[in-house]
Amino acid sequence: MSVANPDLSSFSLASKTAVVTGANTGIGQAIAVGLARAGARVALVGRSAMDETVAMIGGDPNDTLEIRADLSTLNPVQEIVDKTVAWSGGLDILVNNAGIIRRADAIDFSEEDWDAVIDVNLKSLFFLSQACARQMLKQGGGKIVNIASILSFQGGIRIASYTAAKSGLAGLTRLLANEWAGKGINVNAIAPGYVETNNTAPLIADPLRNKAILDRIPAGHWGKPHEIAGAATFLASPAADYIHGVVLPVDGGWLAR
Ligand code: NAP
C-alpha cells in the first residue's frame, strides 16, 4: 500500500478565500491575521470598522475585503456570500466567530438577553453556514470552523443564553459534519478557554473571579487571541481534510483539570 504523507504545503491556505465574522477585534481578528499569513484572502465581516485588522494583515490591500454586517438578524447573510464571491471568485473557508455574551443570574435572566445571544451566536451562525455551504457545494467543498467555548462542555454561571448557544453549537457542529462530510465540507469547532478580549474584560477586572480562573488554568495564564489562531488555521487547511465534527479545546488545559 502506498502512503502519501502530507507535506508542509497541506498547511498552506494559498489560493483560498476565507470569511471571518467579528474580525475587527479579539479572537476573530487574530484568526483573520492567521489565515492571511497562511496565504488566504480574507473577507472581514462585522459591524465595526476593520482598519486595525487590515493594518495587521498588511501587504496588498487586495488581500482583504471589508463587509459591514450586523449579524443580529439574517438580513446580511446572503450579501456576505455574494460580496465575497464577487470579490474573489469563490468562498472556501468560513470562520463563525462573531458572538456576544450577557451576564445575569438565571433567576433574573430576561427574554431580551436570551434572544440577543441566541440570534447572533446560534441562529445567524447556522444560516450563514447554510448560505456559505451552498456556495462551497458548487465548488466541491470547503471548511467551516465554529468558535464554540468551554461552555460547550460545562455549565458556567450567570450566562444562561451563552451556555445554551455554545452547547447548541457543539451539537450543530456535529450535525452539519454528518450531513456535509461526504460532500467535501469539513465542519469543526474550536472551544477557546479564557482568552483576554472585550468579552472577558469584566472577569479580568474582578480580582476574585480573575484569581479563581487563573488558579485552575494548568498553563498558568489567560489565553491570548493569537493562541487560538493556529488551531483555526489548521482546521481551515487541507491538512485537516479528514477531521469532521470535532470540538477542539484550546484552553491551556482548563478542561483537563
Ligand atoms: P469580542 O472581542 O467581544 O469579539 C466579538 C466579536 O463579535 C466582535 O468582533 C464583535 O463586533 C462581533 N459581533 C458581536 N455582535 C455582532 C453582530 N451583531 N454582528 C456582527 N458582529 C458582531 O470577544 P471574543 O472573545 O474575541 O469573542 C469571539 C468569539 O469567541 C465569540 O464567539 C465568543 O463567544 C468566543 N469565545 C471567547 C472566549 C474568551 O474567553 N474571550 C472564550 C470562548 C469563546 P463588535 O466589536 O463590533 O462588537
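Structural data are supplied above this passage.
All of the points below concern the structure found in this document. As the structure is a computational prediction, the values presented were derived from the model and not from experiment.

### Some remarks on unusual backbone geometry
The phi dihedral of S15 falls on the positive side, at around 70°, and the residue is not glycine. By secondary structure assignment, the location of S15 is in the segment before β1 (17–21). The phi angle at R158 is positive, at roughly 65°, despite the residue not being glycine. You can see R158 is positioned in the loop between β5 (142–147) and α5 (160–180).

### Re empty space enclosed by the protein
One pass over the full model with this rule turns up one cavity of 30 Å³ or more. Lining of the largest cavity is provided by T21, L71, N96, N97, A98, V120, S124, L125 and L128. The class makeup of the residues in the lining of the largest cavity is five nonpolar, four polar and no charged.

### Topic: the pairing of strand β2 (residues 41–46)
For β2, the buried fraction is high: five of the six residues fall into the buried class. Note: β1 against β2, five bridges, orientation parallel. For V19, the partnering residue across the bridge sits in β2 and is A43. As a crossover connection, the stretch from β1 through helix α1 (residues 26–37) into β2 is right-handed. Bridging between β2 and strand β3 (residues 64–68) involves five bridges; their strand directions are parallel. Across the sheet, residue A43 finds its bridge partner in β3, namely L65. With helix α2 (residues 51–57) bridging β2 and its parallel neighbour β3, the resulting β-α-β unit is right-handed.

Thresholds, definitions, all that
- Residues numbered from 1 in each chain as written.
- Predicted model: local features only at pLDDT ≥ 70, side-chain atom pairs only at ≥ 80, totals over all residues.
- Heavy atoms only, no water.
- Helix = DSSP H or I, 4+ residues; strand = E, 2+ residues; numbered from the N terminus.
- 1 Å grid on protein atoms, 1.4 Å probe; cavity = no way out; pocket = protein on both sides within 12 Å on 5 of 7 lines; lining within 4 Å.
- Points joined across faces, edges and corners; volume = space filled by probe spheres on them.
- Nonpolar A, V, L, I, M, F, W, Y, C, P; charged D, E, K, R; others polar.
- Buried < 20%, exposed > 50% of the residue type's maximum accessible area, 1.4 Å probe, protein only.
- Pairing = 2+ DSSP bridges.
- Right-handed = clockwise from strand over helix to strand, strands pointing away.

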